[in-house]
Amino acid sequence: MIRGKRFEGKVAIVTGSTQGIGYSIAHRLGLEGASVVISSRNQENVDEATQKLKGQGIRVLGLVCHVSNAQQRKDLIHKTVEALASELGPEVRVNCVASGVVPTRFGEIITKSETIMKIILDSSQLKRLGTPEEIAAAAVFLASDDASYITGETLVVAGGIPSRL
């Protein structure tokens, strides 16, 4: 359930956010009032995701960025800071969401194998795969003021599959 506009007046940068879990995170943040900057390596994917989000009334800026390219990462931040600089606060918290197996295009190699799926489901306390929306809910929690005293942490969202992070 979406709680309201807890990100009104805030800016969220979500990398790898034109499909799957990243898109769900950007979508959820936008629905909760954030101005969202999305990115991907492919301009066509960026354009398509940007239009989908705008069509739902979300304020979004779509940029091409390959996060392993240092210059493209710098450009992503620079372009974000450029119509939005006054909205960025002096404090930044850094957290990570370690997701379990989610049936996305990226996870197809795992979800197509009956053998691997049996191993995953047998080791999961919830006996099911996660959804992009469930991972997005965890990420949005960490980005919210509800998690204002959490930084430097990894939140495992994996249906009870043991983790060794």
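Residues numbered from 1 in each chain as written. Predicted model: local features only at pLDDT ≥ 70, side-chain atom pairs only at ≥ 80, totals over all residues. Heavy atoms only, no water.

A.B. asks: Sorry if this is basic, but what is going on with the domain arrangement of the protein chain here?
C.D. replies: Per the domain assignment, the segments of the protein chain are domain 1 (1-91) and domain 2 (93-164). The straight-line distance from the C-alpha centre of domain 1 to that of domain 2 is 21 Å. With 13 residues of domain 1 at the interface, the matching set in domain 2 holds 16 residues. Both sides together, the interface formed by domain 1 and domain 2 hides about 1,100 Å², and carbon and sulfur atoms give 63% of it. By the criterion of area lost to domain 2, the three top residues of domain 1 are R6, I21 and R28, representing 39% of everything that side buries. (Domains from an automatic or database assignment. Contact = heavy atoms within 4.5 Å. Buried area = accessible area lost by both parts, 1.4 Å probe.)

A.B. asks: Is there a simple way to think about the sheet that holds strand β2 (residues 35-40) in this case?
C.D. replies: Sheet strands pair by backbone hydrogen bonding; their relative direction is either parallel or antiparallel. Sheet architecture is open: three strands sit in the order β1-β2-β3, paired in parallel fashion. Both outer strands of the open sheet, β1 (11-14) and β3 (60-64), are each paired with one neighbouring strand and no more. Each strand axis lies, on average, 15 degrees off the axis of its neighbour in the sheet, ignoring direction. Looking at chain direction, β1 and β2 are connected through four bridges and run parallel. Each bridged residue has a counterpart across the sheet, and for V14 the counterpart in β2 is I38. The sheet contacts of helix α1 (residues 20-31) involve β1 and β2, and relative to β1 the element is tilted by about 175 degrees. In this fold helix α2 (residues 43-54) packs onto β2 and β3, with an angle of close to 175 degrees to the strand it touches most, β3. (Pairing = 2+ DSSP bridges. Helix = DSSP H or I, 4+ residues; strand = E, 2+ residues; numbered from the N terminus. Axes fitted to C-alpha atoms, helices over the stretch in contact; angles between N-to-C directions.)

A.B. asks: Mind showing me how you'd approach the environment of V64 here?
C.D. replies: Position of V64 relative to the elements: it lies in strand β3. Judged by its relative accessible area of 34%, V64 falls in the partly exposed class. For the pair V64 and G4, spaced 60 residues apart in the sequence, the C-alpha separation amounts to 29 Å. (Buried < 20%, exposed > 50% of the residue type's maximum accessible area, 1.4 Å probe, protein only.)

A.B. asks: Just to check I follow, could you spell out unusual backbone geometry for this structure?
C.D. replies: Excluding glycine, residues mostly carry a negative phi; peptide bonds, for their part, are mostly trans. The phi dihedral of K127 falls on the positive side, at around 60 degrees, and the residue is not glycine. Within the secondary structure, K127 is located in the loop between α5 (114-123) and α6 (132-143).

A.B. asks: How do you make sense of the nonpolar core when you look at a structure like this?
C.D. replies: Side chains of a nonpolar character, in soluble globular proteins, are inclined to be buried together. Core analysis: the largest hydrophobic core is formed by 17 residues, its most contacted members being I25, A26, L29, A34, V36, I38 and L53. Among the secondary structure elements, those contributing two or more residues to this core are β1, α1, β2, α2 and α6. If one sorts the elements of this core by residue count, α1 sits on top with four residues. Mapped onto the domain boundaries, this core takes at least three residues apiece from domain 1 (1-91) and domain 2 (93-164). With near-sequence residues (within four places) excluded, I25 lies in contact with V14, A136, A139 and V140. (Core = buried A, V, L, I, M, F, W, Y, C linked by side-chain atoms within 4.5 Å.)

A.B. asks: Looking at this structure, I do not really get the state of the cysteines. What am I missing?
C.D. replies: One way to say it: the disulfide is the covalent bond shared by the sulfur atoms of two cysteines. Evaluation of the coordinates by the stated rule reveals zero disulfides. Note on C96: no disulfide assigned, nearest cysteine sulfur contributed by C65 at a separation of 18 Å. (Disulfide = S-S within 2.5 Å.)

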